[in-house]
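Coordinate analysis (summary)
Below, each chain spelled out in residue letters.
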Amino acid sequence: MTPKAMNGPASNTVVSSQRGVATTDFAVRFWGVRGSIPVPGPDTAGIGGNTSCVEIRCGEHIIIFDAGTGLRLLGNSLMRQMPVDVHLFFSHVHWDHIQGFPFFAPAFIPGNRIFMYGGKNVSGTVETALAGQMEMPNFPVHLSMLPAKLAFNDLHEGEVVDIGSGCTVTNAAGNHPGGVYAYRVDYRGKSVIYATDTEHYSIPDPKLVALAKNADVLIFDTMYTPEEYAGVGGMPKTGWGHSHFEAGVALCKAANIKHYVLFHHDPAQTDAMVREKERRTQAIFPSAEAAYEGLTLSL
Ligand SMILES: [Zn+2]
Ligand SMILES: [Zn+2]
């Protein structure tokens, strides 16, 4: 059996989905798909244990969403094409979204340029959060000592960033303790939404529906099953800032999404549990799949 046969629909009219290389110049690759904390080990080896990091290529442009531990592997892959310019967008600065940055090898190479973007939240900017985790005695090299050129951009809500070549990145605020941004990438008439660490309550979040309208791909916080979210066998998760697959499907239908990717898996979920979450999602929204490390979507 090929890996593809185990991983849901091989392709559809919107995107091709496979493990490995992209087949078009608008492509999404998953380097870390986990929430909260890295979970290496035999029970998670298929989906992967690294925390949030997604790479999007728009032609020559390299856009990265979040700097979880998956960023280390992405950085190693970029070492083959120095010097690089990368655009690194942060949903927010909780640990699972920044902890890979001190191990992002291109930051240690002069000539590389890292443009960083994020919202100011209650705890400060992206720059203060990244610097904080690299202070002595937590880490030996301070942010200010990195040889690559770093540029920090504080985004305001609704701001559109022009990456070049007709590629834009737009944000909207989600619902998460301390605040979070969701992002939309538009390129050549197609679009991808990155919306993690957010939840909606009785109805799909109107801001997210507006941001995601008619998008080709929605990458959405699907940390929980509906039962886990409701607190069956544990604590209820309402207000924790994470979502479940029925809420994701409601958003897909409200925003006319073509393909739904389940993302930010709970660290307690084994490969089998993530695949069961995927199977249940596909039963109500067929063009859906669970993100795993190495998954590549070509638009
Ligand atoms: Zn998170
Ligand atoms: Zn968070």
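Up top is the structure.
From a predicted model like this one, the values you see are computed outputs, not experimental measurements.

Reference values for coordination geometry: four tetrahedral donors around a metal ideally subtend 109.5 degrees, six octahedral donors ideally subtend 90 or 180 degrees. Coordination of the zinc ion (ligand 1) by the protein is provided by Asp96 (OD), His97 (NE2), Asp197 (OD) and His264 (NE2), with metal-donor distances spanning 2.1 to 2.2 Å. Coordination at the zinc ion (ligand 1) is irregular: its 4 donor atoms span angles of 92 to 164° at the metal. Counting the intervening residues between successive donors of the zinc ion (ligand 1) yields the motif D-H-x99-D-x66-H. Between the zinc ion (ligand 1) and the zinc ion (ligand 2), the interatomic distance is 3.7 Å, and aspartate 197 donates to each metal, bridging them. Residue aspartate 197 is found in the loop between β11 (190-195) and α3 (206-212), and its partner histidine 264 is found in the loop between β13 (259-263) and α6 (271-284); the two are separated by 67 residues along the sequence. Take aspartate 197 and histidine 264: they sit in the same class, and that class is buried.

Moving on to the pattern of salt bridges. Within this structure, the stated rule accounts for 9 salt bridges. A salt bridge links aspartate 186 to arginine 184; its shortest N-O distance comes to 2.9 Å. For aspartate 186, a relative accessible area of 22% corresponds to the partly exposed category. A relative accessible area of 14% means that arginine 184 is categorised as buried. With a shortest N-O distance of 2.9 Å, arginine 280 and glutamate 227 are connected by a salt bridge. Of this pair, arginine 280 sits in helix α6 while glutamate 227 sits in helix α4 (residues 226-230), placing them 53 residues apart in sequence. Since its relative accessible area comes to 25%, arginine 280 is described here as partly exposed. Owing to a relative accessible area of 32%, glutamate 227 belongs among the partly exposed residues under this scheme.

Another aspect to go through is helix α2 (residues 126-133). Considered for burial, the residues of α2 that qualify are Val126, Ala129, Leu130, Ala131 and Gln133. Buried residues belonging to α2 abut β6 (113-119) and β7 (149-155).

Turning our eyes to something else, we now look at the side chain of threonine 125. By the secondary structure assignment, threonine 125 is in the loop between β6 and α2. In this structure, threonine 125 is in contact with Lys120 and Asp154, ignoring residues within four places of it in sequence.

The strand order β1-β15-β2-β3-β4-β5-β6-β7 describes an open sheet built from 8 strands, whose pairing is mixed. Across the chains shown, the open sheet's two edge strands, defined by having one partner strand only, are β1 (16-19) and β7. Between one strand and the next, the sheet's axes are offset by a mean angle of 20°, whatever the strand orientation. Here β1 pairs with strand β15 (residues 295-298) via 4 bridges, running antiparallel.

Inspection of the secondary structure assignment puts asparagine 112 in the loop between β5 (85-89) and β6. In terms of polar contacts, asparagine 112 uses its side chain to reach the backbone amide nitrogen of valine 84, at 2.8 Å. With near-sequence residues (within four places) excluded, asparagine 112 lies in contact with Met82, Pro83, Val84, Pro106, Ala148 and Lys149.

Time to look at the packing of aromatic side chains. With the rule as written, the count across this model stands at 13 aromatic pairs. Ring centres of phenylalanine 89 and tyrosine 183 lie 5.2 Å apart, and the angle between their planes is 65°; on these two criteria the pair is classed as edge-to-face. Separated by 94 residues along the polypeptide, phenylalanine 89 in strand β5 and tyrosine 183 in strand β10 (residues 181-187) bring together distant segments of the chain. This pair shows no difference in class: phenylalanine 89 is buried, exactly as tyrosine 183 is. These aromatic residues form a ring-pair network of at least three members: Phe30, Phe65, Phe89, Tyr117, Tyr181, Tyr183, Tyr194 and Phe263. For arginine 29, the ring lying beneath its charged end belongs to tryptophan 31, and the centroid distance is 4.8 Å. Positioned over the ring face of tryptophan 240 is lysine 237, at 5.6 Å from the centre of the ring.

This part covers the environment of alanine 272. Locating alanine 272 in the fold gives a position in helix α6. Classification of alanine 272 as exposed rests on a relative accessible area of 55%. Remark: the alpha-carbon pair of alanine 272 and isoleucine 47, spanning 225 residues in sequence, is separated by 9.2 Å.

Cut-offs and rules
In every chain, residue numbers begin from 1 and rise along the written sequence. As they are written, the chains are lettered A onward and the ligands numbered 1 onward, keeping that order. For a predicted model such as this one, the threshold for reporting local features is a pLDDT of at least 70, and the threshold for listing and counting side-chain atom pairs is 80 or more; totals across whole chains, interfaces and linings nevertheless cover every residue. Calculation of side-chain values draws on the structure's entire complement of heavy atoms; hydrogens and water are dropped beforehand. The rule for donors is simple: N, O or S, within 2.8 Å of the metal, or within 3.2 Å if the metal is Na, K or Ca. Water isn't counted, so a site may look like it is missing partners. Geometry assignment treats four donors as tetrahedral when all angles are between 85 and 135 degrees, treats four as square planar and six as octahedral when opposite donors are over 155 degrees apart and all others between 65 and 115, and treats everything else as irregular. The numbering of helices and of strands both runs from the N terminus, where a helix is a DSSP run of H or I of at least 4 residues and a strand a run of E of at least 2. Residue burial is assigned from relative accessible area. The probe radius is 1.4 Å, only protein chains are included, and a residue is buried under 20% of its type maximum, exposed over 50%, and partly exposed in between. By salt bridge we mean one thing: a side-chain nitrogen of Lys or Arg within 4 Å of a carboxyl oxygen of Asp or Glu. Contacts were defined at the residue level, with two residues in contact if any of their heavy atoms lie within 4.5 Å. Pairing between strands requires that DSSP locate at least two bridges from one strand to the other. Lines fitted to the C-alpha atoms define the axes, with helices restricted to the stretch that makes contact. Angles between their N-to-C directions range from 0 to 180 degrees. Counting of polar contacts relies on pairs of N or O atoms within 3.5 Å, with two restrictions inside protein: one atom must be capable of donating a hydrogen and the other of accepting it, and residues adjacent in sequence are counted only when both atoms are side-chain atoms. Here is the rule: rings of Phe, Tyr and Trp (six-membered ring for Trp) pair when centre to centre is within 6.5 Å. Planes less than 30 degrees apart are stacked, more than 60 are edge-to-face, and the remainder are tilted. Over a ring means this: the NZ of a Lys or the CZ of an Arg is within 6 Å of the ring centre and within 35 degrees of the ring normal.

In short, the description is geometric, and any link to function would need to be established separately.
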